[in-house]
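# Residue-level structure breakdown
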Amino acid sequence: LGDVYKRQVYNNDAVGDNNCTAGGLMAYGMETVSVVNSLFYGNEERCGASVRVGNTENYTVNHSLIENGFIVQDAENNTGLVQNSIFLDKKFGQWGPTKPSKLTIQNNLINGGVHLDFEIDRYGAGNLVGASTAFVDEANRDYQLTSSSVLIGAGIASSDVLDIKGTTRPNPAGSKPDIGPYENALDKPDLIFAPYFATETSPCLLYTSPSPRDRTR
């Protein structure tokens, strides 16, 4: 069992000599991995990802932000849920086949492109590919949402009812949650200032089976 909850993982080099390790998170050969309300940024990516989940029976990514690539690896017969999360800069992709019946991808912002066996709509609805982010101060790693962010109210309800700062989610009550680890006070964006730009196109965590290992730097 590996749970990553309310963690900020940043500026880490990839561990080991393998060309396809990752600086943010590697989880392989696990029974369960859950990444919730967490931020991964500035971590070294190798082979296209700074966060990699492979051959894990059940895995979840919810209300998190991942920069520099996310890859699901050797997961054809595993069950995955990726929702309410933000993927920046590098691709959201796979190594080895995936099945839409086993992997649900819904209500995410994906700004680095997609590399999957099928069109992303086969895996789930509500994904924003190439939308503007409208963070408070992305240059200084403040990923809270401004009032103009299209991510406000764009999420889907889940069992995660507190954001990374402990704010009740959704906020306000009765609305839809926001995409990402931070919940804004609005139920929907101020659309006067929220254009949608569509396009076509810290610790280091290492988990391995049978015993998770948390490397902190």
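Our subject is the structure that appears above.
Since the model is a prediction, treat every value here as computed from it, not as a measurement.

Assigned secondary structure in the protein consists of 0 helices and 20 strands. For the protein, buried positions account for 51% of its 217 residues.

What follows concerns the sheet that holds strand β14 (residues 109-110). Judged by pairing direction, the sheet is parallel, and its 6 strands sit side by side in the order β2-β5-β8-β11-β14-β16 without closing on themselves. If you trace the sheet from one side to the other, it starts and ends with β2 (8-10) and β16 (128-129), each paired once. Taken together, the 2 bridges between strand β5 (residues 39-41) and strand β8 (residues 65-67) define a ladder with parallel strand orientation. In the strand pairing of β8, F40 is matched with I66.

Counting buried residues along strand β4 (residues 32-36), 4 of its 5 residues qualify, which places the element largely inside the surrounding structure. Sheet topology note: the strand β1 (residues 2-5)/β4 ladder contains 4 bridges and is parallel. Paired with Y5 across the bridge in β4 is V36. In this sheet, strand β7 (residues 58-62) lies alongside β4 in parallel orientation, the contact comprising 5 bridges. Across the sheet, T32 pairs through a bridge with N58, a residue of β7.

Next up on the list: the nonpolar core. Grouped together as the largest cluster of nonpolar side chains are 25 residues, with contacts concentrated most on F40, F70, F87 and F92. The contacts of F87, once residues within four sequence positions are left out, are V61, I66, F70, V82, F92, N108, L109, I110, N111 and G112. One finds L88, L128, Y143 and I164 within the second-largest nonpolar core, a separate group that totals 18 residues.

Calculation rules
Residues numbered from 1 in each chain as written. Predicted model: local features only at pLDDT ≥ 70, side-chain atom pairs only at ≥ 80, totals over all residues. Heavy atoms only, no water. Helix = DSSP H or I, 4+ residues; strand = E, 2+ residues; numbered from the N terminus. Buried < 20%, exposed > 50% of the residue type's maximum accessible area, 1.4 Å probe, protein only. Pairing = 2+ DSSP bridges. Core = buried A, V, L, I, M, F, W, Y, C linked by side-chain atoms within 4.5 Å. Contact = heavy atoms within 4.5 Å.

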